[in-house]
Every structure is written in structure tokens, then in C-alpha cells.
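# Coordinates in review
Below, each chain spelled out in residue letters.
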Amino acid sequence: MPGRSLALALVAVLAAPSVVGCKNTAIIPGTEIPDTPDNRELLQVIERFRTSFVRQDPAGILATAHPTYYDESGTDDPSDDIVYEELGPILRRRIAQLESVRFTIEYLDVYMRRDRATVNVWIDATFRLKPILGDDGMPRFPPRVVPKQDYAKFELIREGDSWLITKGI
């Protein structure tokens, strides 16, 4: 089968530059994302979002959002869409319901085109909700733990020298 070995050798030769090219590309530690200034900045913005969420800091989360922020909340129902002007009050209300947060993000890939970027991630989080109190101040319902494990997508736009989130909070 000399023809087959020649074909395999040809495939190996043609594939070698891409393998070598990938091997020499620096990646951001803990990810498979190429280490470029833009990629680092994008991940830093999402990390600021994540750490603000863990600290239960709605103002810190809002600081990562762009004024054009718009999210359909993953549905076709326009009644649950979120615009920037509503984001602050929604964040304050939802954060006030939290007792504690565990929130990790695994960065999967980054796509960038001019001043727009998309960052795909895997979210692994647990939210412990505060107990619901009765009129007497005693817990009517105990604290509830809500796990979240899912793929998510952040969309960002470059504003001057920085990136801000336009969708995904």
C-alpha cells in the first residue's frame, strides 16, 4: 500500500505547520485562549463582572456594562428583555436576595471583529438565597440553594481604550 503511506506522509507534512504554529502561540494561563492584549482585556472585564457578583456588588457589575446593553434573557418574550436603564435596579433587587455566591468561569474561546467581541464561557455557580421571612420576622421558608452550570456568551464592545459588556450579564 505505497499510495496510502504517501497520502499519510502528505497529510503529516501539511498538518505540521499548523501544529507547530499552535505550539508556539502563548496562551492565557488556565485557558486555551491565545495570549494577546485584547484577549487579556476581554477576560479582565468578565473577571471584574464575576468578582463583583461574588462580592454582591451591583455597582461593580453595572460598571462592566455598556450603555447600549440589551439582553433578551434567552427567550422570545419581550417582557423579560433587559436594557441598560433597567439593569441597575434589577441587579440591586436580585443581589439583595442572595446570602452567598460561589461563581467560577471557564473561558472557552474569544471571537473578535474590529470593536466587537464574543467570549464563550462555561459557568459553574451556586447561589444561596436568603430565607423568606414571615410578618413576625421568623423564616417562613428556609434558605434555598440554586446551582447553575451552563454555557454562556458575553458580547462586548470596545469603548475608547476599554471593553464593556453589551449582552450576557
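Each chain carries its own residue numbering, running from 1 in the written order of its sequence. In keeping with the model being predicted, local features are shown solely for residues with a pLDDT of at least 70 and side-chain atom pairs are shown and tallied solely at 80 or more, while totals for entire chains, interfaces and linings include all residues. Side-chain metrics in this entry use all non-hydrogen atoms of the structure; hydrogen atoms and water are not considered.

If you check an unreviewed UniProt entry, the protein chain appears there as SnoaL-like domain-containing protein from Nannocystis bainbridge.

This paragraph deals with the overall build of the protein chain. Within the protein chain, the secondary structure is distributed over four helices and eight strands. Helices and strands appear in the protein chain in the N-to-C order α-α-α-β-β-α-β-β-β-β-β-β. We call a residue buried when its accessible area falls under 20% of the maximum for its residue type, exposed when it is over 50%, and partly exposed in between, using a 1.4 Å probe and counting protein chains only. Each of the 169 residues in the protein chain was classed as buried or not, and the buried ones make up 28%. Note on definitions: a residue-residue contact is assigned when non-hydrogen atoms from the two residues lie within 4.5 Å. Partitioning the intrachain contacts of the protein chain with sequence separation of at least 6 by distance along the chain shows that 55% fall at a separation of at least 24. What counts as a helix is a DSSP run of H or I of at least four residues, what counts as a strand is a run of E of at least two, and both are numbered from the N terminus.

Grouped together as the largest cluster of nonpolar side chains are 33 residues, with contacts concentrated most on Phe-53, Val-119 and Leu-156. Taken together, the elements giving at least two residues each to this core come down to helix H2 (37–54), helix H4 (84–96), strand S3 (98–113), strand S4 (116–129), strand S7 (144–159) and strand S8 (162–167). Sequence-distant contacts of Phe-53, that is, excluding residues within four places in its chain, are made with Ile-61, Ile-95, Leu-98, Val-101, Phe-103 and Phe-127. Throughout this description, the term nonpolar core refers to a set of buried Ala, Val, Leu, Ile, Met, Phe, Trp, Tyr and Cys residues connected via side-chain atoms within 4.5 Å.

Here we come to unusual backbone geometry. The backbone phi angle of Gln-56 is positive, close to 60 degrees, even though this residue is not glycine. Along the chain, Gln-56 turns up in the loop between H2 and helix H3 (58–62). Taking the relative accessible area as the measure of exposure, Gln-56 reaches 24% and is therefore partly exposed. Unlike most non-glycine residues, Arg-114 shows phi in positive territory, near 50 degrees. Tracing the backbone through its elements, the reader meets Arg-114 in the loop between S3 and S4.

On to the pairing of S8. As paired elements, S7 and S8 share five bridges and run antiparallel to each other. Within the sheet, the bridge partner assigned to Ile-157 lies in S8 and is Leu-164. Hairpin connection between S7 and S8: a loop of two residues separates the two successive antiparallel strands, and Gly-160 in this loop has a positive phi of roughly 65 degrees. Strand pairing is defined by DSSP finding a minimum of two bridges between the two strands.

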